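# A look at the structure
What follows is the residue order along each chain.
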Amino acid sequence: MARVLKVFLEDPGQPRYGFELMKLTGMASGSLYPMLAKLEGAGWLTRGKEDIDPRAAGRPARTNYMITGAAASAARVQLAALSEQYRPPVPGRLRPQGSTA
Amino acid sequence: VIGFLWAVVAFLGGLGMTALGDMVSEEVRDRLDHLPHAILHLAARRLNPGQRVTVYADEWLPELTYILKGDEARPVTRLVKGTLYALGILVSTRRITSHLHREAPAPAPLPQDHHYVSAAWNRWFIANRSDDVFARSIRQSLQDGRSKGPGES
């Protein structure tokens, strides 16, 4: 989920599409779509329609997702906390016991 | 003369085989092009009617069309990408719909009687009796459950 949120946070105003997210996150559709549905259900993402003329494009308009303002703030806090959790320990604390330097 | 005739027959035969090969190849290509759509259609059958519009028609199908018609859509690439996309959705349809709260009608609730059927099965299994006993046991469990109410056990 962190990978998906990171993509949305790179440019919160940018609508993202399913296949684009698959390419950017390296996730398969079977993992990505349940996650998008979960985030949408939680109110973190809103859905929109691609702004194209289907006749001119020769294909139907796709559904896109955008992160909401409140969710962007919450996601930043959550990702920072996650990053803190996985930060490597401070080198000084790794000194062997008994060392004086 | 006979040699000449054989040469003509061989030439015509070769021409026919080439044409047949082309037709078979076109047929296979056409059928393979429909494979991702067929898989996605299978996934759509697991959705309720409302979700078939909001999820399948509005989201999955346009995305698959985009993948199949995209700039990088070479025949094999689009087949592989489209099929993987559709397969991924097919295997995770239940997980997707469990999180969806779109304007789709709620699925029908599961019948509560399955608890009593399960209890009947346990009784029959322990007793190891005939199917008649199992059928009577189901009826008895259903009656018990209805007389007690669904909240009581």
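Figured I'd write up the structure that's included with this text. (Residues numbered from 1 in each chain as written. Chains lettered and ligands numbered in written order. Predicted model: local features only at pLDDT ≥ 70, side-chain atom pairs only at ≥ 80, totals over all residues. Heavy atoms only, no water.)

## Overview of the overall build of chain B
Let me state the cut-off plainly: Strands here are runs of E lasting at least two residues and helices are runs of H or I lasting at least four, both read from the DSSP assignment and numbered beginning at the N terminus. The classification of residues rests on relative accessible area computed with a 1.4 Å probe and restricted to protein chains. Under 20% of the type maximum is buried, over 50% is exposed, and intermediate values are partly exposed. Working rule for contacts: check all heavy atoms of both residues, and any pair within 4.5 Å makes them a contact. Computed with a 1.4 Å probe, the accessible areas rest on the Shrake-Rupley method; for each residue, only the protein chains presented here act as cover.
A tally of helices and strands in chain B yields seven helices and zero strands. Each helix (α) and strand (β) of chain B, taken in turn from the N terminus, gives the series α-α-α-α-α-α-α. Buried residues in chain B amount to 29% of all 153 residues. By sequence separation, contacts in chain B at least 24 residues apart represent 59% of the contacts at least 6 residues apart. When the accessible surface of chain B is split by element, carbon and sulfur atoms take 63% of a total near 10,600 Å².

## Some details on the side chain of T65(B)
Put simply, the rule is: Polar contact is the term for a pair of N or O atoms within 3.5 Å; when the atoms are in protein, one must be able to donate a hydrogen and the other to accept it, and sequence-neighboring residues count only if both atoms are side-chain atoms.
Relative to the assigned elements, T65(B) resides in helix α3 (residues 49-69). At 2.7 Å, the side chain of T65(B) and the backbone oxygen of L61(B) are in polar contact. Not counting residues up to four positions away in its chain, the partners in contact with T65(B) are R59(A) and P60(A).

## Some points on the packing of helix α1 (residues 2-10) of chain A against helix α3 (residues 29-41) of chain A
All names here are of chain A. Defined as follows: Simply put, an axis is a line fit to the C-alpha atoms, just over the touching stretch for a helix, and the angle between two N-to-C directions goes from 0 to 180 degrees. It is the rotation of the near helix from the far one that decides the hand of a crossing: anticlockwise by less than a right angle makes it left-handed, clockwise makes it right-handed. Basically, the charged four are Asp, Glu, Lys and Arg, the nonpolar ten are Ala, Val, Leu, Ile, Met, Phe, Trp, Tyr, Cys and Pro, and anything else, Gly included, counts as polar.
Running from N to C, α1 and α3 point in directions that differ by 65°, and their axes come no closer than 10 Å. Crossing geometry of α1 relative to α3 is assigned as right-handed. Taken together, the residues of α3 that come into contact with α1 (itself represented by V4, L5 and F8) are L32, M35, L36 and L39. When the residues that make up the contact of α1 with α3 are grouped by side-chain class, the tally is seven nonpolar, no polar and no charged.

## Observations regarding the packing of aromatic side chains
Convention followed: A pair of aromatic rings is counted whenever rings of Phe, Tyr or Trp (Trp by its six-membered ring) have centres within 6.5 Å, and the orientation is called stacked for planes under 30 degrees apart, edge-to-face for over 60 and tilted otherwise.
If you walk through the whole model with that rule in mind, you get two aromatic pairs over all chains. With a centroid separation of 6.5 Å and 70° between ring planes, the pair formed by F19(A) and Y66(B) is classed as edge-to-face. One end of the pair, F19(A), is in helix α2 (residues 18-25); the other, Y66(B), is in helix α3, on a second chain. Take F19(A): its relative accessible area is 7%, and that puts it in the buried class.

## What about helix α2 (residues 35-44) of chain B?
All names here are of chain B. Heads up, the rule is: The directions from the helix axis to the C-beta atoms form the arc being described.
For α2, the set of buried residues is P36, I39, L40, A43 and A44. Projected down its long axis, α2 shows its buried positions confined to an angular sector of 150°, all on one face. The secondary structure elements touched by the buried residues of α2 are α1 (2-33), α3, α4 (75-91) and α5 (93-99).

## Considerations on the interface of chain B and chain A
For an interface, size is often stated in terms of accessible area lost upon the parts coming together. The condition that has to hold: Reported buried area values correspond to the accessible surface (1.4 Å probe) lost by two parts on association, with both partners' losses combined. Put simply, a salt bridge is a Lys or Arg side-chain nitrogen that is within 4 Å of an Asp or Glu carboxyl oxygen.
Residue-level contacts link 24 residues of chain B with 22 residues of chain A. Buried area between chain B and chain A, both sides added, is near 1,900 Å², and the carbon and sulfur share of it is 59%. Applying the counting rule to chain B against chain A returns one salt bridge. Across the contact surface, chain B and chain A share 11 residue pairs in polar contact (both at pLDDT 80 or more). Listing elements by their share of the side of chain B that touches chain A, those giving two or more residues are α3, α4 and α5 of chain B. With 10 residues, the top contributor of residues to the side of chain B that touches chain A is α3(B). By residue class, the composition of the side of chain B that touches chain A is nine nonpolar, six polar and nine charged.

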